[in-house]
Amino acid sequence: MIVRKAEQEIAKQLAPVAGEDARLEATFLLRASGFHSPYQELTETDAEMLKPLIARRLTGEPLPYILGEWEFFGLPFEVNRNVLIPRPDTECLVEAAWKALSAERNEVLDLCCGSGCIGIALAVRGGARVTAVDISADALELTERNARRNGVSVRTVRSDFLDGVEGSFDMIVCNPPYLTKPEMDCRDAALRFEPELALYGGADGLAFYRRLAASWRRVLKPDGRMFLEIGMTQREDVSAMFPNAECIEDYGGRPRVIVVNGHD
Ligand code: GLN
């Protein structure tokens with residue numbers, strides 16, 4: 001069977017979980033298995049190799065975990081189930097932070113780094129010198145691999161939030177866990193594959209912003225800036241915790257990033 005035909009058949013199988021993305025997902029699965037050209041022949045053995053991947057997808061497991069990699073800010077990142085899948089929503093945070101970088105202001109703290117995608121994107125695209133922090137040793141290992149893969153180096157620190165972080169930074173970037181208890185309880189099937197540690201922000205989703213409000217001044221330079229991703233209903237609550245807070249909307253028009261402008 002040729003790749004084009006296999007693509008159609010896989011898309012049909014994936015339709016119940018992937019909906020209108022089924023064809024695209026079929027293409028991704030084939031490409032990840034080395035089949036790029038539409039007229040390439042697939043043998044029986046090739047088709048057999050694809051079966052377990054399709055079966056995983058049919059359990060609802062998101063495609064990036066099955067592929068083991070995903071693109072963010074135009075860069076490739078290895079991903080696994082220890083970290084959140086990088087989302088286009090978060091590119092809005094990277095873009096805002098990237099605009100604020102300069103040769104003199106490039107010491108960046110990426111707090112709750114997960115795959116490292118935010119800090120690494122800023123290092124690659126903006127020359128940031130990045131310290132990446134996470135409570136998960138698995139996440140930090142992945143961040144180190146992703147940094148190497150993208151040709152940059154980042155310093156990694158294992159710490160429960162800011163507790164073990166020393167230093168003084170020009171910028172803090174952070175996509176903390178911010179889902180509420182009700183959001184966790186009725187989360188989509190796909191989110192159930194992602195680590196609770198990276199999603200759950202306490203009963204009202206705001207626990208990490210409160211911790212940050214109590215400790216950010218210690219690690220941010222007085223004229224530094226902080227960029228925090230928020231959930232779409234958290235704009236008011238999070239803005240109220242910090243002085244000089246502004247909100248940036250994502251490309252879907254949802255409040256997405258709180259920018260805190262220094263504390264001098
Ligand atoms: N943006 C993610 C979602 O809604 C949540 C990420 C997070 O908690 N930081 O699926």
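Structural data are supplied above this passage.
I will try to describe carefully the structure that is included in this document. For every chain, the first residue of the written sequence is number 1, and numbering continues from 1 along that sequence. The predicted nature of this model means local features are confined to residues of pLDDT at least 70 and side-chain atom pairs, given and counted, to a pLDDT of 80 or more, with totals for whole chains, interfaces and linings taken over all residues. Remark: hydrogens and water are excluded; side-chain values derive from all non-hydrogen atoms of the structure.

## As for the site of the ligand
Quick reminder of the rule: By convention in this text, a residue qualifies as near a molecule or strand provided that one of its non-hydrogen atoms is within 4 Å of it. A 3.5 Å cut-off defines polar contacts: any pair of N or O atoms within that distance qualifies, except that in protein one atom must be a possible hydrogen donor and the other a possible acceptor, and neighbouring residues in sequence count only when both atoms are side-chain atoms. The accessible surface values rely on the Shrake-Rupley method and a 1.4 Å probe; as for residues, cover is taken only from the protein chains in view.
In the vicinity of the ligand, the contacting residues are L84, R87, N175, P176, P177, Y178, L179, L191, A198, L199 and E229. Take R87: an N or O atom from its side chain is 3.1 Å from an oxygen atom of the ligand. At a separation of 2.7 Å, a nitrogen atom of the ligand approaches a polar backbone atom of P176. Contact with the protein chains covers 87% of the free accessible surface of the ligand, which is 300 Å².

## Considerations on the sheet that holds strand β4 (residues 129–134)
Inclusion rule: For two strands to be treated as a pair, DSSP must find no fewer than two bridges joining them. Under the DSSP-based scheme used, a helix requires at least four consecutive residues in state H or I and a strand at least two consecutive residues in state E, with every element numbered from the N terminus. Note on geometry: axes are lines fitted to C-alpha atoms, helical ones only across the stretch in contact, with angles between N-to-C directions running from 0 to 180 degrees. Contact between two residues is taken to exist if any of their heavy atoms lie within 4.5 Å; hydrogens are not considered.
An order of β5-β4-β3-β6-β7-β9-β8 is seen for the 7 strands of this open sheet, with the pairing classed as mixed. Two strands bound the open sheet, and with one partner strand each, they are β5 (155–158) and β8 (245–249). Looking at each pair of strands side by side, their axes are set apart by 20 degrees on average, direction ignored. Bridge analysis of strand β6 (residues 169–174) against strand β7 (residues 220–229) gives 5 bridges, and the strand direction is parallel. Across the sheet, V173 pairs through a bridge with F227, a residue of β7. The sheet strands contacting helix α6 (residues 117–126) are β3 (107–111), β4 and β6, and the helix crosses β3 at an angle near 160 degrees.

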